[in-house]
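# Working through the structure, step by step
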Amino acid sequence: MDFRIDEQVQAPVGVVFAALTRFQRFERDAAEHGIGVRRGGPADPGVGTTWDAEFEARGKLRQLQARITEFHPPQGLVIEGTVGGMAGTLRVVLSPLGPDLTGMQVEMTVAARSLSARMMLASLALAKGRVAKRLRKMVRKFARRTEKGQPAYA
């Protein structure tokens, strides 16, 4: 299952990348929503930065592992992760459209690796429109907060 969101941010590309890689804020937001998150890897964000997270979904405790596999300041990054029998990739590409305007392209791909994950993904496919709408809303919220200089989290 694939999702793609394009958004414009009224801020320089460097500012948007800095907001995107302010991982402490995203981690704090996740913790406020009951998600346990631990970061590992290098002290500075970059290739090899990892996260282990625990959260409850559909009545079960889930384990998520994620890792930055590509890191290209200020053009973007790629994070790959697994949860149960599912694997996913999040790619964010930033393009300067002007001195104070950045194009942001967010692509998310999710694939099943097991039978139970295929079943879960099939039910998710039925709600793909709602999931896409929610993802678009999160990306827009990130963009507007970044424009206002507020802590950038989705």
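Bear in mind the structure is a predicted one, so any value in this text is a computation, not a measurement.

This part is about the pairing of strand E4 (residues 60–72). The side chains of a regular strand alternate between both faces of the sheet. Pairing analysis gives eight bridges linking strand E3 (residues 50–57) to E4, with the strands arranged antiparallel. Paired with Thr 50 across the bridge in E4 is Arg 67. Counting the residues that bridge the hairpin from E3 to E4 gives two residues, and of these Arg 58 lies at a positive phi of roughly 55°. Bridging between E4 and strand E5 (residues 76–83) involves eight bridges; their strand directions are antiparallel. Its bridge partner lying in E5, Arg 67 is registered against Glu 80. Remark: three residues form the turn of the hairpin made by E4 and E5, two consecutive strands paired antiparallel.

Inspection of the entire model under this criterion finds seven salt bridges. Among the salt bridges present, the one from Glu 7 reaches Arg 140, with a minimum N-O distance of 3.5 Å. Taken together, the residues Glu 7 in strand E1 (residues 2–9) and Arg 140 in helix H4 (residues 128–147) connect sequence positions 133 residues apart. Classification of Glu 7 by relative accessible area gives buried; the value is 12%. Note on Arg 140: relative accessible area 41%, which makes it partly exposed. The residue Glu 147 makes a salt bridge to Arg 144 at a minimum N-O spacing of 2.9 Å. With a gap of three residues between them, Glu 147 and Arg 144 both fall in helix H4, about one helical turn apart. Within this structure, Glu 7, Arg 140, Arg 144 and Glu 147 form a network of salt bridges that share partners.

Along the chain, Val 110 turns up in strand E7 (residues 101–112). With sequence-adjacent residues up to four places away left out, Val 110 is seen in contact with Met 1, Met 86, Ala 87, Gly 88 and Leu 121.

A separate point is the sheet that holds strand E2 (residues 36–40). Spatially, seven strands are ordered E1-E7-E6-E5-E4-E3-E2 in an open sheet, and the strand pairing comes out antiparallel. Every other strand in the sheet has two partners, leaving E1 and E2 as the edge strands with one partner each. Neighbour-to-neighbour, the strand axes of the sheet open up by a mean angle of 20°, direction not taken into account. In this fold helix H1 (residues 13–20) packs onto E1, E4, E5, strand E6 (86–98) and E7, with an angle of close to 155° to the strand it touches most, E6. This element, helix H2 (residues 23–32), spans E2, E3, E4 and E5 of the sheet and lies at about 155° to E2.

Residues Lys 133, Arg 134, Arg 136, Lys 137 and Lys 141 make up a contiguous surface patch of positive charge. Here Lys 133 lies in helix H4.

The rules behind each value
- Residues numbered from 1 in each chain as written.
- Predicted model: local features only at pLDDT ≥ 70, side-chain atom pairs only at ≥ 80, totals over all residues.
- Heavy atoms only, no water.
- Pairing = 2+ DSSP bridges.
- Helix = DSSP H or I, 4+ residues; strand = E, 2+ residues; numbered from the N terminus.
- Salt bridge = Lys/Arg side-chain N within 4 Å of Asp/Glu carboxyl O.
- Buried < 20%, exposed > 50% of the residue type's maximum accessible area, 1.4 Å probe, protein only.
- Contact = heavy atoms within 4.5 Å.
- Axes fitted to C-alpha atoms, helices over the stretch in contact; angles between N-to-C directions.
- Patch = residues over 30% accessible without salt bridge, like charges linked within 9 Å, V, L, I, M, F, W, Y side chains within 5 Å.
- Areas by Shrake-Rupley, 256 points an atom, 1.4 Å probe, with all protein chains shown as cover.
- Lys, Arg positive; Asp, Glu negative; His and termini not counted.
- Charge placed at Lys NZ, Arg CZ, Asp CG, Glu CD.

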